[in-house]
Amino acid sequence: MKNFIIVLNIIIILWITSIFSIKSPDKTNDQLVSAFPALASGVDQKNTTDHTGLKQTVPGLEANDDIYRFIREASEARSMDLRQGKLAEQRATTRSLKDYGTLMIRDQASMLNDLKKIATLKKIEIDTTLGPDKSEGLQDLMKMHGRDFDNAFMRMMIIDHRRDVKKFQKALTSPDPDIQVFATKYLPLVKSHLEKIRSIKKG
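Residues numbered from 1 in each chain as written. Predicted model: local features only at pLDDT ≥ 70, side-chain atom pairs only at ≥ 80, totals over all residues. Heavy atoms only, no water.

### Describing unusual backbone geometry
Note the cut-off: Exposure categories follow from relative accessible area, calculated using a 1.4 Å probe and restricted to protein chains: below 20% of the type maximum is buried, above 50% is exposed, and the middle band is partly exposed.
For Lys 123, which is not glycine, the phi torsion reads 60° and is therefore positive. Look at Lys 123 and you get exposed, because its relative accessible area is 77%.

### A short note on the packing of helix H7 (residues 146-171) against helix H8 (residues 177-202)
Put simply, the rule reads: What counts as an axis is a line fitted to C-alpha atoms, over the stretch in contact for a helix, and the angles between N-to-C directions run from 0 to 180 degrees. Secondary structure elements follow DSSP: runs of H or I of four or more residues count as helices, runs of E of two or more count as strands, with numbering from the N terminus. Under this scheme an angle from 65 to 115 degrees is roughly perpendicular, one under 35 degrees roughly parallel, and one over 145 degrees roughly antiparallel; angles in between are oblique. Crossing handedness is read from the near helix: turned anticlockwise from the far helix by less than a right angle, it gives a left-handed crossing, and turned clockwise, a right-handed one. Under the scheme applied here, ten amino acids are nonpolar (Ala, Val, Leu, Ile, Met, Phe, Trp, Tyr, Cys and Pro), four are charged (Asp, Glu, Lys and Arg), and all others, including Gly, are polar.
Look at H7 against H8: their axes get within 8 Å of each other, and the N-to-C directions meet at 155°. Judged by the inter-axis angle, H7 sits roughly antiparallel to H8. Two packed elements cross with a definite hand, and for H7 against H8 that hand is left-handed. Residue composition of the contact of H7 with H8, by class: 16 nonpolar, four polar and five charged.

### Examining the pattern of salt bridges
For side chains of opposite charge, pairing can occur when their charged atoms come near one another. Our working rule: Only one rule defines a salt bridge in this text: a Lys or Arg side-chain nitrogen within 4 Å of an Asp or Glu carboxyl oxygen.
For the structure shown, the criterion picks out 14 salt bridges. Residues Asp 164 and Arg 78 are paired through a salt bridge, measuring 2.6 Å at the closest nitrogen-oxygen approach. Of this pair, Asp 164 sits in helix H7 while Arg 78 sits in helix H4 (residues 61-91); the two residues are 86 residues apart in sequence, bridging distant segments of the chain. Classification of Arg 78 by relative accessible area gives buried; the value is 0%. Here Arg 163 and Asp 164 are joined by a salt bridge, their closest N and O atoms 3.0 Å apart. One salt-bridge network, held together by shared partners, links Arg 78, Asp 81, Asp 160, Arg 163 and Asp 164.

### Brief notes about the packing of aromatic side chains
We count it as follows: For this analysis, a ring pair means two rings from Phe, Tyr or Trp (six-membered ring only for Trp) whose centres lie within 6.5 Å, classed as stacked if their planes differ by under 30 degrees, edge-to-face if by over 60, and tilted for the remaining angles.
By the definition in use, this model includes six aromatic pairs. Taking the centre distance of 6.1 Å and the plane angle of 75° together, the rings of Tyr 100 and Phe 153 count as edge-to-face. Remark: Phe 153 occurs in helix H7 and Tyr 100 occurs in helix H5 (residues 95-121); sequence separation between them is 53 residues. Exposure remark for Tyr 100: the relative accessible area of 0% places this residue in the buried category. Given a relative accessible area of 0%, Phe 153 falls into the buried group. Ring geometry for Phe 149 versus Phe 153: centroids 5.9 Å apart, planes at 10°, classification stacked. With Phe 149 and Phe 153 both in helix H7, this residue pair falls four residues apart, about one helical turn. Feature note: the residues Phe 70, Phe 168, Phe 182 and Tyr 186 constitute an aromatic cluster, connected by ring pairs.

Structure, rendered in structure tokens:
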């Protein structure tokens, strides 16, 4: 009988221990979350980041990437327009298109110069060589003469300036003040280029 009581007590003790061992982790976790609410928010943030975790560990990285992309793309576009302008000066069959080519050389050079200043300020290296797509487009234009050149040039100018208007409009709300100033300064100029080439095409 005495042995039975001892065994029964052991069983009861083991049962009670098992209950506490199951409930304790949840309780401990609740206490930690209550004491350190940042832990809970940290878990939520982890679920919203990409697989690299860069958005969580480097605040503003996405914005910085947008600034870098704008400077690089805008610089390449200016370099492309300069080259197209020089071709128009040489090959266009009408005075209005030749003058438009001269306008491109002057205004695009000014824009590119300001972009280089911004890039230097932000320690961003820019390469004014053309990427594959623009390089191919320029090569195609260089093969054309006469009215074929005129039509291709006007078509390219309209496409390029419509694209630039959208990008500059977006840049007006850039988190970087230098990009905002640049877009504010040159958006009206880009719009005027678009309207001018449209009027030439209609004429």
